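Listed below, chain by chain, are the residues.
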Amino acid sequence: KMANPAKLMDNEVLMAFASYATIILSKMMFMSIATAFFRVTKKVFANPEDCESFGKGENVKKFLRTDESVERVRRAHLNDLENIVPFLGIGLLYSLSGPDLSTALLHFRIFVGSRFYHTMAYLLPLPQPNRGLAFFVGYGVTLSMAYSLLRNRFYL
Amino acid sequence: KMANPAKLMDNEVLMAFASYATIILSKMMFMSIATAFFRVTKKVFANPEDCESFGKGENVKKFLRTDESVERVRRAHLNDLENIVPFLGIGLLYSLSGPDLSTALLHFRIFVGSRFYHTMAYLLPLPQPNRGLAFFVGYGVTLSMAYSLLRNRFYL
Amino acid sequence: KMANPAKLMDNEVLMAFASYATIILSKMMFMSIATAFFRVTKKVFANPEDCESFGKGENVKKFLRTDESVERVRRAHLNDLENIVPFLGIGLLYSLSGPDLSTALLHFRIFVGSRFYHTMAYLLPLPQPNRGLAFFVGYGVTLSMAYSLLRNRFYL
């Protein structure tokens, strides 16, 4: 009898994880578009081949520079990557470990909300400690799932 | 009765996802080797301890610099990371959501092909819009899986 | 009959993977704290809003700089990300492919050990080839799981 992984998705916790993970990954992907938008509007590029339409030869070099708005989006993107990767790994394994649905939803919702707020605080920017708090809330959610996972299912 | 996760892998979509994910992650890992290769052949290092065999004291400092070929590989590597992480997260959950095999294969194949082409376009480099198109094709594949996942299995 | 993903976690290989993945992701998350610690103690910031408590206007600019200890932690963090992402993706799929428990444990333990050693070698720092060896050991473990996965379950 063939296993049916679609059955896995009948589980509400895993289905909720899939929804929140997809949303936050799509948000992260949007950071690439934001970077490209600032690069083009500010004419700030990292590769000579990217600004060839603006000029040739020596003329190209003036577009190969860094700009604070581009670097800011790139830092926000890298911070997403550094925090969403642990959420994905720990969150998936946590979801498979059979947690209570309402507890799991609380974790997923707070994490996703905190990362949206983090990006907003980074890009506007909002004064500190807005961004710092957003970071630590998401961080705490992931550690809480890690703790719950290791407490119930520790196997080394 | 103990659950047998190997049964999960009898599912063709998940097996295909495992193959494509493994291939594209192995390709991404290769970027580390490419960086190390350029660092050693061009004698361009980020850490004093990495170039101690080339000289001591003041002599070491001249190897602590940046070089355009090294930075290019590093940008290609980071772009991989930014795009392969969403593919892994969304692709796994999409595979578990019971999609049609041929549709799933189409997504995996186009994504993996577009990332190989992206790396080639970045490293040679090819003139734009080669790299830009490769990026957007992979981006579109991931968004298409995200859309399919959220449409069928939305749970917030 | 509803699928019970908690049953998946009765599988010892997946439970072991969950434990080791959680440990190494928690270690990676610690790198953010290490970066923040060096930024605050060395007064080295990337964003004007982060150092407003130290001064206003022109006075702020002197804190917007780079520092070798901060950059070192950031490079160690990025190297973690570049290597732990393939471990997570390939390791999860490998765990689902029904490997021998003792072989799987050997892979997980060596990988996690090598990454802890890598961070220690990067931050102290230890002379090369300590960090290089730690990198290649972890790299080899991931490639070994990728090979095992593709040999048994190749589907393109």
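Computed from a predicted model, the values in this text were never measured in an experiment.

Chemist: Looking at this structure, I do not really get the relation of the copies chain B and chain C. What am I missing?
Modeler: Applying a rotation about an axis and a shift along it to one chain copy brings it onto the other copy. With an axial shift of 0.0 Å and an RMSD of 0.0 Å, the rotation relating chain B to chain C amounts to 120 degrees. What the superposition gives is, in effect, a three-fold axis relating one chain to the other. In terms of proximity to the rotation axis, the leading residue of chain B is Val85(B), whose C-alpha is 4.3 Å off the axis. A low fraction, 15%, of the interface residues of chain B reappear at the interface in chain C, so the copies pair through non-equivalent surfaces.

Chemist: Would you mind showing me how to read a nonpolar patch on the surface here?
Modeler: Where nonpolar side chains cluster on the molecular surface, the patch consists of Leu106(A), Ile110(A) and Val137(A) and spans about 250 Å² of accessible area. By the element assignment, Leu106(A) lies in helix 5 (residues 101-123).

Chemist: Can you help me understand the relation of the copies chain B and chain A in this one?
Modeler: The transform that puts chain B on chain A rotates by 120 degrees and translates by 0.0 Å along the axis, for an RMSD of 0.0 Å. Comparing interface residues between copies, only 17% of those in chain B also sit at the interface in chain A, which points to a heterologous contact through distinct surfaces.

Chemist: Help me understand the confidence of the model for chain A in this model?
Modeler: Atom-level detail of predicted coordinates should not be read off regions where pLDDT is low. Residue and element names in this part refer to chain A. Averaged over chain A, the pLDDT score is 87; the fraction of residues at 70 or greater is 92%. The lowest-confidence element of chain A is helix 1 (residues 5-8), averaging 62 in pLDDT; the highest-confidence one is helix 5, averaging 95. Listed scores for the predicted complex are pTM 0.89 and ipTM 0.87.

Chemist: What am I meant to see in the environment of Thr142(A) here?
Modeler: Relative to the helices and strands, Thr142(A) resides in helix 6 (residues 130-152). C-alpha of Thr142(A) to C-alpha of His107(A): the two residues are 35 residues apart in sequence and 7.9 Å apart in space. Residues contacting Thr142(A), with those up to four places away along its chain left out, are Pro86(A), Phe87(A), Ile90(A), Phe111(A) and Met29(C).

Chemist: When you look at the interface of chain B and chain A in this model, what are you seeing that I'm missing?
Modeler: Note: interface size is frequently given as the accessible area lost on complex formation between the parts. Counting from both sides, the interface comprises 36 residues of chain B and, opposite them, 41 residues of chain A. Regarding the contact of chain B and chain A, the summed buried area is about 3300 Å², with carbon and sulfur atoms giving 70% of it. Where chain B meets chain A, there are three salt bridges. As a salt-bridge pair, Glu49(A) and Arg131(B) come within 3.5 Å of each other at their nearest N and O atoms. Viewed at the interface, chain A and chain B are joined by eight residue pairs in polar contact (both at pLDDT 80 or more). Looking at the side of chain B that touches chain A, the elements with two or more residues in it are helix 1 (5-8), helix 4 (68-96) and helix 6 (130-153) of chain B. In terms of residue count, the dominant contributor to the side of chain B that touches chain A is helix 4 of chain B (13 residues). Across the side of chain B that touches chain A, the residue classes break down as 22 nonpolar, six polar and eight charged.

Calculation rules
Residues numbered from 1 in each chain as written. Chains lettered and ligands numbered in written order. Predicted model: local features only at pLDDT ≥ 70, side-chain atom pairs only at ≥ 80, totals over all residues. Heavy atoms only, no water. Least-squares fit on C-alpha atoms with pLDDT ≥ 70 in both. Contact = heavy atoms within 4.5 Å. Patch = residues over 30% accessible without salt bridge, like charges linked within 9 Å, V, L, I, M, F, W, Y side chains within 5 Å. Areas by Shrake-Rupley, 256 points an atom, 1.4 Å probe, with all protein chains shown as cover. Salt bridge = Lys/Arg side-chain N within 4 Å of Asp/Glu carboxyl O. Helix = DSSP H or I, 4+ residues; strand = E, 2+ residues; numbered from the N terminus. pLDDT = per-residue confidence, 0-100. Buried area = accessible area lost by both parts, 1.4 Å probe. Polar contact = N/O pair within 3.5 Å; in protein donor to acceptor, adjacent residues only side chain to side chain. Nonpolar A, V, L, I, M, F, W, Y, C, P; charged D, E, K, R; others polar.

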